[in-house]
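Coordinate analysis (summary)
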Amino acid sequence: MKVLSIFGTRAEAIKMAPLVRALHDEPGIDHRLCVTDQEYDAVDAIVSLFGLQVDHELRLQAEGLSPNALMARLMAAVDPLLARDRPDCVLVHGDTTTAAACALAASHLRIPVGHVEAGLRSGDRSRAFPEEMNRRLVDSLAAWMFAPSPAARRNLQQERVSGRIWVTGNTGIDAAAAVSRRLRGPDLAVAMAGRYGWVDPQRRLVLVTGHRKERFGAAAPRLFAALRELARRPDVQIVYALPLDRELRDAVMDALGGLPNLHLVEALGYPAFLWFMQRARVVLTDSGSIQEEAPWLGTPVLLMRDATERPEAVASGMVSLVGIDSRRIVDAVGRRLADPAPRGETARPTYGDGRACERIVAALCGRPVPEFGAAAVRTASATLPY
Ligand SMILES: CC(=O)N[C@@H]1[C@@H](OP(=O)(O)OP(=O)(O)OC[C@H]2O[C@@H](n3ccc(=O)[nH]c3=O)[C@H](O)[C@@H]2O)O[C@H](CO)[C@@H](O)[C@@H]1O
């Protein structure tokens, strides 16, 4: 079977990397990898970290393009590759414009699509935008759907999608498990401790990321006000991992540069980011994948969104929605920091057990797949009540 995997952003690269390795090692699969340059430098770093072989690169000069321009450029660029190679399956991930464009382009050529991380839904097309539309489009086209949780499978069944569904767990947990193992080895542990020797174990670490332009852009001053207030606490150390987007990054540097208790660090490599998540008492973020990784590491998340497509960790209490409201953020961080539970004690396998890639490869090869049985996942309101 000929399989072509395509990705273009940092999050996709992290979550597809262990699967690409597993597909490469599977004798029944002839695998090729194509990367787009939606977030080129960050993707390149992940390709090196996991030792992946890239067979095709699509250079689009994607930075700053509108969703329509990016979609059009992606479809035009991937079309000749698909027409020439005619894989038996094109594998895409999640909800990016790369995933939507490549799934549609493959479908136009009647090439079957496999969707990794299928079935996530916020229930509102504008949250997140355009990702909720992207993921619905890909699921409506896919022949193979790899749902990360039973709830994601239920979403797909309710929509009566035509493809086949397997519950596999999220491949992001496979990636986090692999890199966490490396972080326990002497080389990386020493490198991290040396590079980030300024991290003070006596103070409580708050890790921050914020990059969702559609909401975060306009609301950023409210986050900045909250962080300035929190930075006055002598018992707290704040680390802000800067966004990849240059405009947002400059806005954060202008607003928060020079505060004594707040460290602005350039977008961290994945091992370094995991290292910080392991040490943080709380992560304040608007990211999708961090809602999965941090609970797996036992670190609670305050989510700067009004809604999430990942209700499971909200139900388990590891993720709380705080919107982007200064008072709500300061109070929620205060409550989390006052929580006496030592970090790590609450780690849960909500989103995966590290075997998602193995299941996806088995499904593609037509072997039986013992599905991921997430421990009784309750559903809870995944929307802020305002
Ligand atoms: C609407 C939405 O939620 N869409 C998501 C979007 O991705 P996202 O929101 O998860 O994206 P980011 O937050 O950029 O990336 C996060 C990854 O980057 C690592 N990281 C972070 C900061 C840093 O300094 N260094 C790092 O290494 C971090 O550990 C994590 O693994 O696309 C994904 C793919 O389809 C989807 O799954 C996902 O739904």
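All residue numbers refer to positions counted from 1 along the written sequence of the respective chain. A pLDDT threshold of at least 70 governs which residues receive local features in this predicted model, and a stricter bar of 80 or more applies before side-chain atom pairs are shown or counted, although totals over entire chains, interfaces and linings include all residues. With hydrogens and water stripped out, all remaining heavy atoms of the structure feed into the side-chain values.

As recorded in an unreviewed UniProt entry, the protein chain goes by the name UDP-N-acetylglucosamine 2-epimerase (non-hydrolyzing), listed as coming from Pigmentiphaga soli. UniProt positions are given in the numbering used here, feature names are shortened, and annotations may be inferred rather than shown by experiment. In its Sequence similarities (unreviewed entry) section, the UniProt entry covering the protein chain states "Belongs to the UDP-N-acetylglucosamine 2-epimerase family." Under the heading Catalytic activity (unreviewed entry), UniProt records this for the protein chain: "UDP-N-acetyl-alpha-D-glucosamine = UDP-N-acetyl-alpha-D-mannosamine".

Before going further, it helps to examine the overall build of the protein chain. Helix and strand definitions follow DSSP, with helices as H or I runs of at least four residues and strands as E runs of at least two, each counted in order from the N terminus. When its secondary structure is counted, the protein chain shows 15 helices and 13 strands. In this description the radius of gyration comes from C-alpha coordinates, and the expected globular size is given by 2.2 Å times residues to the power 0.38. Relative to the 2.2 N^0.38 estimate, which gives 21 Å for 386 residues, the radius of gyration of the protein chain is 20 Å and therefore close to what a compact globule would have. Taking the principal axes of its C-alpha atoms as reference, the protein chain extends roughly 60 × 50 × 45 Å. Counting every position in the protein chain, which comprises 386 residues, the buried fraction comes to 55%. Here, two residues are considered to be in contact whenever any of their heavy atoms come within 4.5 Å of each other. Partitioning the contacts of the protein chain with sequence separation of at least 6, the portion at a separation of at least 24 is 67%. Relative accessible area decides the class of each residue, using a 1.4 Å probe on protein chains only: under 20% of the type maximum gives buried, over 50% gives exposed, and in between gives partly exposed.

Note the cis peptide between Arg-127 and Ala-128, where omega equals -5 degrees. Among the structural elements, Ala-128 can be located in the loop between strand 5 (113–116) and helix 5 (131–141). With an omega dihedral of 5 degrees, the bond running from Phe-129 to Pro-130 counts as a cis peptide bond. In this structure, Pro-130 sits in the loop between strand 5 and helix 5. For Arg-86, which is not glycine, the phi dihedral falls at a positive 40 degrees. Relative to the elements of secondary structure, Arg-86 occurs in the loop between helix 3 (67–85) and strand 4 (89–93).

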